[in-house]
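# Understanding the architecture of this molecule
If you want the building blocks of each chain, they are given just below.
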Amino acid sequence: MEIKDIQEEIIDEFSMFDDWMQRYEYMIDLGKSLPLINEAYKTEDNIIKGCQSKVWVHAELENNKLIFTADSDAIITKGIIAILIRVFSNQKPQDILDADTQFIDEIGLKEHLSPTRANGLVSMIKQLKLYAVAYQTQIED
């Protein structure tokens, strides 16, 4: 599935809920289905800087696609990173770099987060794209 299609799917899912309490509950549920990071990768090197909570992200290149795993010590943050990983995992690094993140505004996520969580969201996106930059150089055309 392409990034844009996954983003559309998420927009549709979030539009089913009437209020933000339901959307928060849904995000918490999404966090429970997050592909969890191996404990060995829960290191300082894999912590996303700029997040209020601890968020660890690990990336591996398989068949020229990035596979992300993550975890967080906060349930809402875990839901946020789960959404991002659903969009960007199992995608080619160049596609990740080319993707916009307009869907986040469309589901209203940024405006319903505290300023520190919104900053954390931006940091998470930045980190996933940095992984894409790093791994793009390893792909042979």
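Residues numbered from 1 in each chain as written. Predicted model: local features only at pLDDT ≥ 70, side-chain atom pairs only at ≥ 80, totals over all residues. Heavy atoms only, no water.

## Description of a negative patch on the surface
On the surface, E2, D5, E8, D12, D95, D98, D100, D105, E106 and E111 cluster together into a negatively charged patch. In terms of residue count, helix 1 (residues 3-15) provides more of the negative patch than any other element does, three residues in total. What makes E111 exposed here is its relative accessible area of 62%. (Patch = residues over 30% accessible without salt bridge, like charges linked within 9 Å, V, L, I, M, F, W, Y side chains within 5 Å. Areas by Shrake-Rupley, 256 points an atom, 1.4 Å probe, with all protein chains shown as cover. Salt bridge = Lys/Arg side-chain N within 4 Å of Asp/Glu carboxyl O. Lys, Arg positive; Asp, Glu negative; His and termini not counted. Charge placed at Lys NZ, Arg CZ, Asp CG, Glu CD. Helix = DSSP H or I, 4+ residues; strand = E, 2+ residues; numbered from the N terminus. Buried < 20%, exposed > 50% of the residue type's maximum accessible area, 1.4 Å probe, protein only.)

## Regarding the packing of aromatic side chains
Taken as a whole and judged by the stated rule, the model has five aromatic pairs. Plain terms: the ring middles of F17 and Y26 are 5.1 Å apart, the flat faces sit at 40 degrees to each other, and that makes the pair tilted. With a relative accessible area of 18%, Y26 lands in the buried category. Chaining the aromatic ring pairs together yields one cluster made of F14, F17, W20, Y24 and Y26. Residue placement shows K42 over the ring face of W56; its charged tip is 4.8 Å from the ring centre. (Phe/Tyr/Trp six-rings, centres within 6.5 Å; stacked < 30°, edge-to-face > 60°. Lys NZ or Arg CZ within 6 Å of the ring centre and 35° of its normal.)

## Quick notes on the packing of helix 1 against helix 3 (residues 75-88)
What describes two packed helices is the angle between their axes and the distance between those same axes. For the pair helix 1 and helix 3, interaxial distance at closest approach is 8 Å and the crossing angle is 145 degrees. Judged by residue contacts, I3, I6, Q7, E9, I10, E13 and F14 of helix 1 engage I83, R86, V87 and F88 from helix 3. (Axes fitted to C-alpha atoms, helices over the stretch in contact; angles between N-to-C directions. Contact = heavy atoms within 4.5 Å.)

## Details of the pattern of salt bridges
For the coordinates displayed, the defined rule picks out six salt bridges. Between E39 and K42 there is a salt bridge whose closest N-O contact spans 3.6 Å. Overall, the relative accessible area of 57% leaves E39 in the exposed class. Through salt bridges with shared partners, one network takes in E39, K42, D71 and K78.

These figures come from the coordinates and say nothing about function on their own.
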